[in-house]
Amino acid sequence: METKNVMIVGVGGQGSLLASKLLGRLLLTRGYDVKVSEVHGMSQRGGSVVTYVRFGEKVYSPVIDEGEADFIVSFELLEAARWTRFLRKEGVIVTNTQQINPMPVIIGAAEYPQKLVEKMTAEGFRVDALDALSLAEQAGSSKAVNLVLMGRLSKYFDFTEQEWKQAIDASVPAKFKEMNEKAFALGANA
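What exactly am I supposed to notice about the packing of helix α5 (residues 132–139) against helix α8 (residues 177–189) here?
The relative placement of two packed helices comes down to the angle between their axes together with the axis-to-axis distance. In contact at an axis separation of 8 Å, α5 and α8 are set at 140° when each is read in the N-to-C sense. It follows that α5 is oblique to α8 by the angle criterion. Of the two elements, α5 crosses α8, and the hand of that crossing is right-handed. Residue-level inspection shows Leu135, Gln138 and Ala139 of α5 in contact with α8, the latter providing Met179, Lys182, Ala183 and Leu186. Class assignment for the residues of the contact of α5 with α8 results in 5 nonpolar, 1 polar and 1 charged.

I'm lost on the packing of aromatic side chains in this one. Help?
The geometry of two aromatic rings is summed up by the distance between their centres and the angle between their planes. Taken as a whole and assessed by the stated rule, the structure comprises 9 aromatic pairs. Note on Phe159 and Trp164: the rings are 6.0 Å apart at their centroids and 70° apart in plane angle, and the pair reads as edge-to-face. Since its relative accessible area comes to 1%, Trp164 is described here as buried. Grouping aromatic residues by their ring pairs yields a cluster made of Tyr32, Phe55, Phe71, Tyr156, Phe157, Phe159, Trp164 and Phe184. The ring of Tyr60 carries the charged tip of Lys58 above its face, separated from the ring centre by 5.9 Å.

About the cut-offs
Residues numbered from 1 in each chain as written. Predicted model: local features only at pLDDT ≥ 70, side-chain atom pairs only at ≥ 80, totals over all residues. Heavy atoms only, no water. Axes fitted to C-alpha atoms, helices over the stretch in contact; angles between N-to-C directions. Helix = DSSP H or I, 4+ residues; strand = E, 2+ residues; numbered from the N terminus. Parallel < 35°, antiparallel > 145°, perpendicular 65-115°, else oblique. Left-handed = near helix turned anticlockwise from the far one by under 90°. Contact = heavy atoms within 4.5 Å. Nonpolar A, V, L, I, M, F, W, Y, C, P; charged D, E, K, R; others polar. Phe/Tyr/Trp six-rings, centres within 6.5 Å; stacked < 30°, edge-to-face > 60°. Buried < 20%, exposed > 50% of the residue type's maximum accessible area, 1.4 Å probe, protein only. Lys NZ or Arg CZ within 6 Å of the ring centre and 35° of its normal.

Treat this as a map of the structure, not an account of what it does.
Below, the structure is given as structure tokens:
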């Protein structure tokens, strides 16, 4: 089996690290060799966070180069657009439609780009966009965007619902299990 590559991108504090650990745990239970690499940047100040998840029969490096990502899972719309050069031609962008203003927009030095989903689609990218924030709030917490996006990503994998549930249960504290499972289901069924 050739190595598959998933990039998880977002803004600090959105839960992208939990999402990558959950996905890595699920892939390990299926017997894949898995490498997870975290690049934090200025994550504590609302900056970009990137996590690479690579899996296959044998994975030698945790890094994904430009044009190699099979999936980009984005917690924020501008982050999806920022990383498109890493997506392979047949790849898919699974993105939240939420917009979080970066510092240049906050201080008035730039404007948030408009119609990003349309622009990425026009450039030939397969974009699967959803309002993950609203679904997370419906599940019980705005912090569950990560599980909504994992639910949406699950549509592209052949793992069973039970396998995903076990990975969720092993990755989140027991008191948040039900909410996270609900968020995952809302994303999977959106």
